[in-house]
Amino acid sequence: MTAASLASLAEKAVKWSALTTAARFVLQLGAQVALARVLGPGNYGVYGIGIAVLTFAAFLSGSAFSWNLMLQEKIDRNDIRFAFTWQAIAGAATALAMLLLAPALASFFADPRVEPMVRWLSLACLLTALGAPAVVLLQRDLNFRSLGLLQLASYALGYLAVGLPLALNGWGAQALAVACVVQAGVTMVGAYALRPHPLRPLLSHGAGSQALSTGRTVFVTNIVNWLLGNLDRIIIGRLLNAHAVGLFTLAYNFAQIPNTLLVSAIQPTFLASGARMANEPQRLAQAWLLVLACVLVLVTPAAVSMA
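Since this is a predicted model, take the numbers as computed values, not measurements. Sequence order as written defines residue numbering, which begins from 1 separately in each chain. Restriction of local features to residues with pLDDT of at least 70 applies here, the model being predicted, together with a cutoff of 80 or more for giving and counting side-chain atom pairs; totals for whole chains, interfaces and linings are based on all residues. Side-chain numbers here rest on the full set of heavy atoms in the structure, without hydrogens or water.

S.K.: Explain the overall build of the protein to me, and be specific about the residues and the numbers.
M.R.: Counting its secondary structure elements, the protein contains nine helices and zero strands. Going along the chain from the N terminus, every DSSP run of H or I of four or more residues is numbered as a helix, and every run of E of two or more is numbered as a strand. If you list the helices and strands of the protein from N to C, you get α-α-α-α-α-α-α-α-α. Think of it in three bands: with a 1.4 Å probe and only protein chains considered, a residue is buried below 20% of the maximum accessible area for its type, exposed above 50%, and partly exposed in between. Taking all 307 residues of the protein together, 46% fall into the buried category. By definition in these notes, contact holds between two residues if any of their heavy atoms fall within 4.5 Å. A fraction of 83% describes how many contacts in the protein between residues 6 or more apart in sequence connect residues 24 or more apart.

Rendered as structure tokens:
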């Protein structure tokens, strides 16, 4: 791929990312407000605890195997088969661990509602792991139009079409858990339909050591990010109660939605583009400086204004 065609493809990817990100911001904000009013902070607190557990489990479920597909300059069928195989194994093992540890987690937080929440979210963990390779391949292809529309549809189906009616019918915190499972399932099926890939298992591969090395780096980075983003609500849930976690989670989510969506939109675009310039350090450096300039000139003033 020539420099001009890559730049054009990346530009289109960024534009579609920005467009779908803005739409997801409006959608998530509306859904959060509606569900918060129906369920109240107590139920949201249970959900916040469950999401903290799910986020940590997702790091353990081998998402780094999929990320490695994006970071390589070139990939083949065996790379994809190897990543999917170990992604599925790690996802299944982590989901089983969540299922078995659900009673202990409910006891730790002194709230019986945590147990069914974690059990539901163990299914979301498995579905997310199985769908990760197709999602990452879409990002690698810079197909952010299809991916963005899929993410919009999956969130709307999960939280508005399923979660909100369940909440109105008295499901409490479990309405949010089911919504999360539906979102993960729709994303998994939709991503594979958009970007089919080999499903035949492959346990050993020549590039396996590189995947494991990348996996360790991504895992450590994710654990640090998890501590920064979730340790506070874990402490609140342990020392106070789910009601307090709910109040904190609602405020935190409203503040973090723009930042989270922005990072999820921009980061994969530049990672996927950068991987194709791995052997061209000068072009890669210029692209990195452009990213920094965009953040400083465009994102920082917007963040200050929104704060």
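Next comes the rest of the account.
S.K.: How would you sum up the environment of R140? Please name residues and give values.
M.R.: Inspection of the secondary structure puts R140 in helix α4 (residues 114-140). Relative accessible area serves as the criterion here: at 9%, R140 is assigned to the buried category. As for R140 and A275, which are separated by 135 residues in sequence, their C-alpha atoms are 8.9 Å apart. A polar contact of 2.9 Å, which involves the side chain of R140, links it to the backbone oxygen of L69. N or O atoms closer than or at 3.5 Å make up a polar contact, with two conditions inside protein: a donor-capable atom paired with an acceptor-capable one, and, for residues adjacent in sequence, both atoms drawn from side chains.

S.K.: An account of the pattern of salt bridges is needed here, citing residue identities and associated values.
M.R.: Salt bridges are identified by distance alone: a Lys or Arg side-chain nitrogen within 4 Å of an Asp or Glu carboxyl oxygen. Summed over all chains, the structure comprises three salt bridges. For D111, the salt bridge identified is with R113, shortest N-O distance 2.9 Å. Notably, a salt bridge pairs R195 with D141, separated by 2.8 Å at the nearest N-O pair. You can see R195 sitting in the loop between α6 (173-194) and α7 (208-239) and its partner D141 sitting in the loop between α4 and α5 (144-168), a full 54 residues away along the chain. The exposure class assigned to R195 is partly exposed, which follows from its relative accessible area of 22%.

S.K.: So what's going on with unusual backbone geometry? Which residues, and what values?
M.R.: Even without a glycine there, the phi angle at A110 is positive, about 55°. Tracing the chain through its elements places A110 in the loop between α3 (77-108) and α4. A positive phi angle, near 60°, is found at L142, a position not held by glycine. According to the relative accessible area criterion, L142 is buried, its value standing at 5%.

S.K.: Now, about a nonpolar patch on the surface: what can you tell me, with residues and values included?
M.R.: A surface patch of nonpolar side chains, amounting to about 530 Å² of accessible area, comprises F56, L60, F219, V220, V224 and L228. Where the nonpolar patch is concerned, the elements lending two or more residues are α1 (3-60) and α7. Per-element accounting of the nonpolar patch gives the leading share, four residues, to α7. With respect to the secondary-structure elements, F56 resides in helix α1. Accessibility expressed as a relative area gives 31% for F56, which makes it partly exposed. Residues qualify for a patch when their relative accessible area is over 30% and they have no salt bridge, like charges being joined within 9 Å and the nonpolar side chains of Val, Leu, Ile, Met, Phe, Trp and Tyr within 5 Å. Each accessible area value is a Shrake-Rupley result obtained with a 1.4 Å probe; residue values ignore everything except the protein chains displayed when judging cover.

S.K.: Go over the packing of α3 against α4 with me, naming the residues and quoting the values.
M.R.: Any two packed helices are characterised by how steeply their axes cross, that is the angle between the axes, and by the distance between the axes. Contact geometry for α3 and α4: axes closest at 8 Å, N-to-C directions at 170°. Between α3 and α4, the interaxial angle falls into the category roughly antiparallel. Under this grouping Gly is polar, as are all residues other than the nonpolar Ala, Val, Leu, Ile, Met, Phe, Trp, Tyr, Cys and Pro and the charged Asp, Glu, Lys and Arg. Among the residues making up the contact of α3 with α4, the classes are represented as 21 nonpolar, four polar and two charged. Axis definition: a line fitted to C-alpha atoms, over the contacting stretch in the case of helices. Angles run 0 to 180 degrees between N-to-C directions. Oblique is the label for every angle not falling under 35 degrees (roughly parallel), over 145 degrees (roughly antiparallel), or within 65 to 115 degrees (roughly perpendicular).

S.K.: Explain the nonpolar core residue by residue, including any values.
M.R.: Here, nonpolar core refers to any group of buried Ala, Val, Leu, Ile, Met, Phe, Trp, Tyr and Cys residues whose side-chain atoms link them within 4.5 Å. In this structure, L35, L54, M98, L121 and Y159 are the most contacted members of the largest nonpolar core, which totals 48 residues. The set of elements that each furnish at least two residues to this core consists of α1, α3, α4, α5, α6, α7 and α8 (242-275). Per-element tally for this core: the top contributor is α1, with 15 residues. In contact with Y159, other than residues within four places in its own chain, are A31, L35, Y47, L164, L176, A179, C180 and Q183. Core analysis: the next-biggest nonpolar cluster, separate from the first, contains 18 residues, F82, L138, L150 and A191 among them.

S.K.: Run through α3, naming residues and quoting values.
M.R.: The span you would expect from a helix comes to 1.5 Å times its residue count less one. Between its terminal C-alpha atoms α3 stretches 44 Å, which fits the 46 Å expected from 32 residues at 1.5 Å a residue. Backbone nitrogen of N78 and a side-chain oxygen of the N-cap are separated by 3.1 Å at the start of α3; the cap is D76. Count one or two residues on from α3 and you reach A110, which has phi positive near 55°.

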